[in-house]
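# Fold and geometry: a report
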Amino acid sequence: MALNLLPYPPCTLSSPPQSYSSSSATSSVPFTRYASPSNSLLFTLTATRPLPFRTNHARRHLTPLSASLSTFDSPSTSGSHGKKKLLLEVKDLTAVIAESGKEILKGVNLSVYEGEVHAVMGKNGSGKSTFAKVLVGHPDYEVTGGSVVFKGENLLEMEAEERSLAGLFMSFQSPIEIPGVSNIDFLNMAYNARRRKLNLPELGPIEFYAYIFPKLDLVNMKTDFLNRNVNEGFSGGERKRNEILQLAVLGADLSILDEIDSGLDVDALRDVAKAVNSLLTTQNSVLMITHYQRLIEFIKPAYIHIMEDGKIVKTGDISIAKILEKGGFKAIS
Ligand SMILES: Nc1ncnc2c1ncn2[C@@H]1O[C@H](COP(=O)(O)OP(=O)(O)OP(=O)(O)O)[C@@H](O)[C@H]1O
Ligand SMILES: [Mg+2]
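Residues numbered from 1 in each chain as written. Chains lettered and ligands numbered in written order. Predicted model: local features only at pLDDT ≥ 70, side-chain atom pairs only at ≥ 80, totals over all residues.

## What about the overall build of the chain?
- Across its full length, the chain carries 11 helices and 13 strands.
- Counting all 333 residues of the chain, 47% fall into the buried class.
- The contacts of the chain with a sequence gap of at least 6 include a subset with a gap of at least 24, amounting to 76%. (Helix = DSSP H or I, 4+ residues; strand = E, 2+ residues; numbered from the N terminus. Buried ≥ 20, exposed ≤ 12 C-beta atoms within 10 Å, placed from the backbone. Contact = placed C-beta atoms within 7 Å.)

Below, the structure is given as structure tokens:
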């Protein structure tokens, strides 16, 4: 079966693979309707290689910042990166809403090196989610200028599916449901798509179950979630855990996590943050979007960027989040 992972039109998933049993789907799942680019049909499946775990503490040693630095005005990252490779380089990126032509991104600059964790903060409506969605190739937006290089390649020339297979994962602010497709089928299909790309043999349902089972612990999820349709009836917190499960299964060189903390209770927040930390390696990076200090404290990004009116206007270290928490955006502007 030719499964196109692209969640957008014109691709359709006409029927789930024969071997998958748990999908209660009618055989025709209108994927184009349901799978807006959510749920990380946009991702990489780099989990096919072992992910060496390492602690956040270790990561901070790899990303030293000047002790005196708290904020600096340069919109791109200018800290010390040693011999690390540049993973993502965004230069003067501008983008409009495809339908209306309204400009949302007005010249974003950002550099992410391998092994780094960056956070983007900013007022509601400042363009954070738009930036993330433009990076993964969401069809609601049209890039009008600037450049994005990911792992040395022009990201903007890639289809959304190619971006995910190249190593980009995005967890959406509002993960959507995919009626008729069970979680495990969905993940297995996505995982196998990556295996095909790497010329590796696909995993059948039983092998895949063995692969995914230990990962449930990571996000503190019960096995029955695997047989439920993707996000259908999931609470807000369960959806977020499910997003991280997808990341754990599929892996990514760069994970973009858009408000992964929204709607989470304290315990769930800790679980999700722990899972994200445990997936970090010296090679892969995270770009997290958040409004809250709490997630920042758990994940400890080395860089925090403030977005305002479609641009990154300030970049600093973790202290910027503390100033924000106390004094609001006016305190850092
Ligand atoms: N598809 C769209 N159609 C119409 N307007 C859009 C669309 N996408 C984004 N916008 C508008 O662009 C602006 C930026 O939206 P975006 O979702 O990027 O903000 P945000 O910084 O993520 O905000 P929040 O913190 O509330 O999540 C908002 O005014 C929003 O209404
Ligand atoms: Mg948003």
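Alright, that's what it looks like, and here's the rest.
## A look at the sheet that holds strand E2 (residues 86-97)
- Strands sit in the order E3-E2-E5-E6 across an open sheet of 4 strands; the sheet is antiparallel. In the strand order of this sheet, the two ends are held by strand E3 (103-113) and strand E6 (153-154), each with one partner.
- Bridge analysis of strand E5 (residues 141-150) against E6 gives 2 bridges, and the strand direction is antiparallel. Paired with phenylalanine 150 across the bridge in E6 is glutamate 153. (Pairing = 2+ DSSP bridges.)

## What to know about the nonpolar core
- With 78 residues, the main nonpolar core has Ala248, Ile256, Val276 and Met288 as its most contacted residues.
- It is helix H5 (residues 183-197) that provides the largest number of residues to this core, a total of 7 residues.
- Contacts of isoleucine 256, omitting those with residues within four sequence positions, involve Ala132, Leu135, Val136, Phe169, Met170 and Leu287. (Core = buried A, V, L, I, M, F, W, Y, C linked by C-beta atoms within 7 Å.)

## Things to note about the confidence of the model for the chain
- On average, residues of the chain score 78 in pLDDT, and 76% of them are at 70 or above.
- Within the model, the stretch residues 1-70 combines pLDDT values under 50 with 159 contacts to residues more than four positions away or in other chains. (pLDDT = per-residue confidence, 0-100.)

## What about the packing of H5 against helix H6 (residues 205-218)?
- Close contact between H5 and H6 brings their axes to 11 Å; oriented N to C, the two are set at 100°. It follows from the interaxial angle that H5 and H6 lie roughly perpendicular. For the pair H5 and H6, the contacting residues are Ile184, Leu187, Asn188 and Tyr191 in the first and Pro205, Phe208 and Ile212 in the second.
- The class makeup of the residues in the contact of H5 with H6 is 6 nonpolar, 1 polar and no charged. (Axes fitted to C-alpha atoms, helices over the stretch in contact; angles between N-to-C directions. Parallel < 35°, antiparallel > 145°, perpendicular 65-115°, else oblique. Nonpolar A, V, L, I, M, F, W, Y, C, P; charged D, E, K, R; others polar.)

## Section: the pairing of strand E12 (residues 303-308)
- Within E12, 5 of the 6 residues are buried, which leaves it mostly tucked inside the rest of the structure.
- Both strand E4 (residues 117-122) and E12 contribute to a ladder of 5 bridges, which runs parallel. Across the sheet, the residue bridging to glycine 122 is methionine 307, located in E12.
- Of the pairings in the sheet, the one linking E12 to strand E13 (residues 311-316) comprises 5 bridges and is antiparallel in character. From the neighbouring strand, glutamate 308 faces E13, where its bridge partner is lysine 311.

## A few points about the pairing of E2
- Here 8 bridges tie E2 to E3, and the two strands are oriented antiparallel to one another. Looking across to E3, one finds that leucine 88 is bridged to valine 112.
- Counting the residues in the hairpin turn of E2 and E3 gives 5 residues, including glycine 101, whose phi is positive at 80°.
- In this structure, E2 lies alongside E5, joined through 8 bridges in antiparallel fashion. Following the sheet pairing, threonine 94 is matched in E5 by glycine 145.

## Focus: helix H3 (residues 128-136)
- Of all 9 residues making up H3, 9 are buried, and the element is well covered by its neighbours.
- If you check which residues of H3 are buried, you get Lys128, Ser129, Thr130, Phe131, Ala132, Lys133, Val134, Leu135 and Val136.
- Count one or two residues on from H3 and you reach glycine 137, which has phi positive near 85°.

## Remarks on helix H8 (residues 236-250)
- With 15 residues, H8 should cover 21 Å at 1.5 Å per step; its first-to-last C-alpha distance of 21 Å lies within 8% of that length.
- Most of H8 is tucked away, with 12 of its 15 residues classed as buried.
- Lining the buried residues of H8 we find strand E7 (168-171), H5, H6, helix H7 (224-227), strand E10 (254-258) and helix H9 (266-279).
- Positive backbone phi, at 70°, marks glycine 251, one or two positions downstream of H8. (Expected span 1.5 Å × (residues − 1).)

## Here we look at the packing of H8 against H9
- Their axes nearest at 10 Å, the elements H8 and H9 cross at an angle of 10°. On the basis of their axis angle, the class for H8 and H9 is roughly parallel. Taking contact as the criterion, the partners of Gly237, Lys240, Arg241, Ile244, Leu247 and Ala248 in H8 are, on H9, Ala268, Asp271, Val272, Ala275, Val276 and Leu279.
- Class assignment of the residues belonging to the contact of H8 with H9 gives a composition of 8 nonpolar, 1 polar and 3 charged.

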